[in-house]
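# Chains, contacts and geometry: an overview
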Amino acid sequence: MRIIFNLKFHTTWGQRLFIVGSCAELGANIMSAAKEMHYHNDHEWQLEISLPDSIKEVRYNYLIEDINSIRTFEHSGLAHHILFYQNCKSYYLYDYWLSEPEERAFYTSAFTKNLFVREKNKPAPKTADNPDRKNNISLRLPAPLTRPEQTVAIIGNQSFLGNWNPNHARSLSGDKFPNWEIELDSNEISFPLEYKFVVIDNNTKQICYWEEGENRMISGPPETDNSCMIVNNYPLRIPNLAWKACGVVIPVFSLRSEESFGIGDIGDIKKLIDWAKKTKQHVIQVLPMNDTTRTHTRQDSYPYSAISIYALHPLYISIPMMGNLNDKKKTAHYNKIQRILNAKDTVDYQSVETYKTAYFRDYFGQEKKNILNNNDFKEFIEKNKEWLIPYAAFSYLRDKNNTAEFSKWGDYALYNREKIEKLRYPESEAYNELSCLFFIQYTLHKQFDSISKYARKNGVVLKGDIPIGVNRESVEAWTEPDYFNMQMQTGAPPDNFSETGQNWSFPTYDWDVMGKDDFEWWKKRFHKLNNYFDCFRIDHILGFFRIWEIPGESVDGLCGHFRPALPLSMEEIEGYGMAFDKRWTEPRIHIKFIPDLFGEKADDDIYKYLNHCDSEHLVLNEICSTQRKINRLFEKNKDEKSQRTRNGLMSIANEVLFLSDPYDPKRYHPRISAHKAYAYYELSDDNRRAFDRLYHDFYFLRHNEFWKETALKRLTPLINSTEMLVCGEDLGMIPASVHEVMEKLQIFSLELEHMPKVMNCEFADLTKLPYHSVCTTSTHDMNPIRAWWKENKERTQRYYNNILQREGVAPEECSPAIAEQIICNHLRASSMLTIIPLQDWFAIDDKIRRPDAEAERINIPANPDNYWRYRMHITIETLLHANNFNKKLSNIITGNGR
């Protein structure tokens, strides 16, 4: 059969066009073997090939080569696709160059499989993929913004197209949504064919809107008999229709239902979906749900410290969905424990873990024979064995050795696939334990998969969260150590959350190693998340531009540096007008500042930790030369004096102006927030001015293009590998290139009114936020609006008068009326999505809101030992029956255009 490719493309002198595709005749997807097209006329390029009848389909892309032989593909996440059938001997394909869709969000599964999903026609209309007539013309059109209650139709200058009469427009098939198709018989057409597409309301049959722009045209029929013409039209040209929606964000562990076992679970998500649907919300956002079990204590409550990038947390299993125990005595025992734990105000993490795990083991013991013989269970293990077996072995060895620190596991300290595989053999002592762990993950998958389908059925998008890091005592650090810099730590520089920065303790990534297989490690993470979610948030997306890397001996984040970065040479530093002094890289303190650190009555005991390095300066001695050593010295001494001494020594450890680069010690990073260091005040006026210029250039100018190229290299293949809607958490110290990259890739930004991204602005203008963004009132790292109201009286007063446009003195409390006004303002924001924390939704109703606003905070970033235990104070069942509150929510959501 003959295939004639046609592409209209404006080239410049020296440029050439090629096609590469899945068949040998198009180079078998090898770019160097791509077939060159020929210039036809009027910017039309053409290539004719002959394919054997045995080929049933081809995927292909166009690429352009410039005068320097550099080739550029169409958008890498998209491809042209054609199916062939024997009753057509010639195919005339008319394509357009696939570029980044202007509204990429609407091509994601959040819309195509959820919000805008539509039932397929039965039987499906004939399309070009299944023609039973010769000389047919198939028109294809991407129209992802068409809502479920709408249909795309064609109207034109032919009698069978109504002669431009809207009442006689012909509907297209949306069975391949977001692509629409219609088949025309060329024998019925008087060429040239002029046409446009319109969108029709299915209920009223009235036209919602005509597409904009000039008429589309087909000049003539297929050139030969027994042929098909397939016209891939440019996307529907629509008016500026800013679709908007809203939702709720809440950690799964914070949910509470009558069936909960002291912690929220997957079954509770189903009830929350019912509430979201009832109140006209379309998004439920949760925090990470990966397993974090390292110590079986409250330390494991931190949801961003995963021990596996694939395994779900066992505590999220719904016991009612799992099944009942036959032993009545045990059942009564667990029912009693459930009532006690579920009555608590907050999550009692350790108790919940103890008793839920015991229940899982009892249930597995009861059903073991049936479980192990279940073909679906066996298939799950086989399909997921790449991550499941190492995860189960890690969990088993962690508990057997009473530590997740795998370097202490003896013969298993270094991962060996063959040795680990033997643990799952029936004759192994680990067999029963590993089988139970397999079953727990199988149960989580089955439960979550059913809830995910339920969410889609009800038009509610589940939005997940992918942490930027993994714990250094994790399955991946054990099995794939080459991907990590284990001697380094991940964190964040100083910001509004913490003056000394944040140290998350995760190892940093070796991105060079990850890039060797085009970031397959990350793609597999995204793919796993896509099993359950249609949208997700990349935690700390700045980590794809650069990460804050902290030396292993540091406790806080002040002596970190960005990586990758362009550290300064000594010559560059001196080029700013300051003669470089090596002592600026060595922690020391002038004796005159000792009272500031240790108090006016600092005694001689202080000096057992310090040595003189000259007549005026002191340095830390060997027993406390790093922050880790200082921490260990004062680990058991919690009295006020000891803690002040500890804090003073920790501060001295940060007393540098420059940090040697760990990968090139002859280059230097200016220390972050160095203007707050005592060493800064010892500089001469000239050196201080020079340092200020250097500091500003380094942190705000030097890396913009470098970090932009880095992020595009990392994020582009990842974004193109997933069908989910991608959002990014881009708060904090943001390089100028972040907005540009996120806008280019259409990654939704995170916008907060009281954390504006515009310089010299106290509050963001909600009406001017990017459309591709998520607007929210607060996050889990800050106070919800009621507690925020009390943080800073002066700022609250300005907000009250200038933003809320209310006169007089701001009240002490954030009343329901004020909370409602704040939320309504956010619902009217220009962002596509407004996602409100559940605590802030509660704030608008006196009967629903929690009495103690301070108890609603989830995390304090400055506290590395924060206990993540917040739970909603009422059950979801109570919430579902709060008719007045739910009606109020529904009205303000729809009344504000969402």
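Residues numbered from 1 in each chain as written. Predicted model: local features only at pLDDT ≥ 70, side-chain atom pairs only at ≥ 80, totals over all residues. Heavy atoms only, no water.

## Some words on the overall build of the protein chain
From N to C terminus, the protein chain includes 25 helices and 38 strands. Along the three orthogonal principal directions, the C-alpha set of the protein chain runs to about 105 × 80 × 75 Å. Long-range pairs, those at least 24 residues apart, make up 72% of the contacts in the protein chain between residues at least 6 apart in sequence. Entry remark: accessible area of the protein chain is about 39,700 Å², with carbon and sulfur atoms responsible for 48%. (Helix = DSSP H or I, 4+ residues; strand = E, 2+ residues; numbered from the N terminus. Contact = heavy atoms within 4.5 Å. Areas by Shrake-Rupley, 256 points an atom, 1.4 Å probe, with all protein chains shown as cover.)

## What to know about the nonpolar core
Leu-715 and Trp-841 are the most contacted members of the largest nonpolar core, which has 173 residues in total. Setting aside residues up to four positions removed in sequence, Leu-715 forms contacts with Ile-538, Ile-541, Phe-544, Phe-545, Val-741, Leu-745 and Ile-747. Counting residues in hydrophobic clusters, the runner-up holds 49 residues, among them Leu-115, Ile-189, Met-229 and Cys-535. (Core = buried A, V, L, I, M, F, W, Y, C linked by side-chain atoms within 4.5 Å. Buried < 20%, exposed > 50% of the residue type's maximum accessible area, 1.4 Å probe, protein only.)

## Quick look at the state of the cysteines
Note on terminology: a disulfide is the covalent bond linking the sulfur atoms of two cysteines. Evaluated as defined, the whole model comprises 1 disulfide. The partner cysteine of Cys-88 in its disulfide is Cys-228, sulfur to sulfur 2.0 Å. Here the S-S torsion is close to 40°, and the disulfide linking Cys-88 with Cys-228 is therefore right-handed. A residue pair is termed long-range when its members are at least 10 positions apart, and Cys-88 in the loop between strand S8 (80-83) and strand S9 (90-95) and Cys-228 in strand S18 (residues 227-232) qualify at 140 residues. The residues Cys-88 and Cys-228 share a single accessibility class, namely buried. Cysteine Cys-761 shares no disulfide, and the gap to the nearest cysteine sulfur, in Cys-775, comes to 14 Å. (Disulfide = S-S within 2.5 Å.)

## Concerning the pairing of strand S19 (residues 245-249)
Counting buried positions over the 5 residues of S19 gives 5, a clear majority of the element. Covered by surrounding structure in S19 are Ala-245, Gly-247 and Val-249 together with Cys-246 and Val-248, the residues of both alternating faces. Pairing of S19 with strand S38 (residues 833-837) involves 5 bridges; the strand directions are parallel. Paired with Val-248 across the strands is Ile-836, a residue of S38. Sheet analysis places S19 next to strand S20 (residues 283-285), joined by 3 bridges and oriented parallel. From the neighbouring strand, Val-248 faces S20, where its bridge partner is Ile-284. Each parallel crossover has a hand, and the one from S19 via helix H2 (residues 266-278) to S20 is right-handed. (Pairing = 2+ DSSP bridges. Right-handed = clockwise from strand over helix to strand, strands pointing away.)

## Describing the sheet that holds strand S1 (residues 2-8)
In a beta sheet, neighbouring strands are held together by backbone hydrogen bonds and run either parallel or antiparallel to one another. With mixed pairing, the 8 strands of this open sheet are ordered in space as S4-S5-S1-S9-S18-S10-S14-S13. Looking at which strands have only one partner, the edges of the open sheet turn out to be strand S4 (38-41) and strand S13 (173-176). On average, adjacent strands in this sheet sit at an angle of 25° to one another, irrespective of strand direction. Of the strand pairs in this sheet, S4 and strand S5 (residues 44-50) are connected by 3 bridges, and their pairing is antiparallel. Bridge assignment links Asn-41 to a residue of S5, and that residue is Glu-44. (Axes fitted to C-alpha atoms, helices over the stretch in contact; angles between N-to-C directions.)

## A closer look at the sheet that holds strand S30 (residues 589-590)
Strand order in the open sheet formed by 3 strands is S30-S32-S31, and the pairing between neighbours is antiparallel. Edge positions in the sheet fall to S30 and strand S31 (610-612), since each has one partner strand and no second. Against the sheet, helix H15 (residues 640-653) makes contact with S30, S31 and strand S32 (617-620), and its axis sits at roughly 100° relative to S32, the strand it touches most.

## Examining the packing of aromatic side chains
Throughout the structure, instances matching the rule amount to 66 aromatic pairs. Seen from their ring centres, Phe-448 and Phe-533 are 5.4 Å apart, and the 85° between their planes marks the pair as edge-to-face. Note that Phe-448 is positioned in helix H8 (residues 431-457) and Phe-533 in the loop between helix H11 (520-529) and strand S26 (535-538), a separation of 85 residues in sequence. Taking relative accessible area as the criterion, Phe-533 reaches 5% and is therefore assigned buried. Of note, Arg-118 hangs over the ring of Phe-177, and the distance from its end group to the ring centre comes to 4.5 Å. Its end group placed over the ring of Tyr-680, Arg-688 keeps NZ or CZ at 5.6 Å from the ring centre. (Phe/Tyr/Trp six-rings, centres within 6.5 Å; stacked < 30°, edge-to-face > 60°. Lys NZ or Arg CZ within 6 Å of the ring centre and 35° of its normal.)

## Observations regarding unusual backbone geometry
Geometrically, the link from Phe-177 to Pro-178 is a cis peptide bond, its omega value of 15° lying close to zero. Along the chain, the position of Pro-178 falls in the loop between S13 and strand S14 (179-185). With omega at 5°, the peptide bond leading from Phe-191 into Pro-192 counts as cis. Position of Pro-192 among the secondary structure elements: in the loop between S14 and strand S15 (193-201). Residues other than glycine seldom take positive phi values, yet Lys-205 does so here, at roughly 65°. Mapped onto the secondary structure, Lys-205 falls in the loop between S15 and strand S16 (207-210).

## Things to note about the side chain of Gln-627
As for its position among the elements, Gln-627 is in helix H14 (residues 627-633). A distance of 2.7 Å separates the side chain of Gln-627 from the backbone nitrogen of Val-555, its partner in a polar contact. In this structure, Gln-627 is in contact with Glu-553, Ser-554, Val-555, Asp-556, Met-650, Ala-653 and Asn-654, ignoring residues within four places of it in sequence. (Polar contact = N/O pair within 3.5 Å; in protein donor to acceptor, adjacent residues only side chain to side chain.)

## Some details on the pattern of salt bridges
Counted by the stated rule, this structure contains 45 salt bridges. Where Arg-104 meets Glu-100, a salt bridge forms, and the shortest distance between an N and an O atom there is 3.1 Å. For Asp-614, the salt bridge goes to Arg-588, with nearest N and O atoms at 3.3 Å. Linking Asp-614 in the loop between S31 and S32 with Arg-588 in the loop between helix H12 (570-575) and S30, this pair joins segments that are 26 residues apart in sequence. The network of salt bridges with shared partners includes Arg-16, Glu-36, Glu-65 and Arg-71. (Salt bridge = Lys/Arg side-chain N within 4 Å of Asp/Glu carboxyl O.)

## Some remarks on helix H5 (residues 349-372)
Between its first and last C-alpha atoms H5 spans 30 Å; for 24 residues at 1.5 Å apiece the expected length is 34 Å, and the helix comes up short by more than 12%. Remark: the principal bend of H5, roughly 60°, maps to Gln-366. Turning to H5, its buried residues number three or more, namely Tyr-349, Val-352, Glu-353, Lys-356, Thr-357, Tyr-359, Phe-360, Tyr-363, Phe-364, Glu-367 and Ile-371. Residues of H5 that are buried in the fold lie against helix H3 (319-322), helix H4 (328-342), helix H6 (375-400) and H8. (Expected span 1.5 Å × (residues − 1). Bend = angle between axes of the 7 residues up to and from the residue.)

## Brief notes about empty space enclosed by the protein
To find the voids left in a structure, one rolls a probe of water-molecule size over its atoms. A full pass over the atoms with the stated rule returns 8 cavities of 30 Å³ or more. Its volume calculated, the largest cavity comes out at about 230 Å³. Lining the largest cavity are 23 residues, and of these Val-249, Gln-285, Ser-778, Thr-779 and His-780 sit closest to its centre. Those elements giving two or more residues to the lining of the largest cavity turn out to be strand S21 (461-466), strand S37 (773-776) and S38. Tallied by class, residues from the lining of the largest cavity come to 12 nonpolar, 6 polar and 5 charged. When its volume is computed, the second largest cavity comes out at roughly 180 Å³. (1 Å grid on protein atoms, 1.4 Å probe; cavity = no way out; pocket = protein on both sides within 12 Å on 5 of 7 lines; lining within 4 Å. Points joined across faces, edges and corners; volume = space filled by probe spheres on them. Nonpolar A, V, L, I, M, F, W, Y, C, P; charged D, E, K, R; others polar.)

## Focus on the side chain of Ser-554
Within the fold, Ser-554 resides in the loop between strand S27 (547-551) and strand S28 (561-563). In contact with Ser-554, not counting residues within four places along its chain, are Gln-489, Asn-503, Cys-559, Gln-627 and Arg-628.

## As for helix H18 (residues 704-719)
Here H18 is 16 residues long and its end C-alpha atoms lie 21 Å apart, about the 22 Å a rise of 1.5 Å per residue gives. The largest bend in H18 is about 25°, located at Leu-712. Regarding H18, the residues found buried are Asn-704, Trp-707, Lys-708, Thr-710, Ala-711, Leu-712, Arg-714, Leu-715, Pro-717, Leu-718 and Ile-719.

## Comments concerning the pairing of S32
Bridge count between S30 and S32: 2 bridges; the pairing is antiparallel. Along S32, the bridge assignment pairs Ile-589 with Leu-618. Sheet analysis places S31 next to S32, joined by 3 bridges and oriented antiparallel. The residue of S32 that forms the bridge with Leu-610 is Leu-620. Linkage of S31 to S32, two consecutive antiparallel strands, is achieved through a turn of 4 residues.

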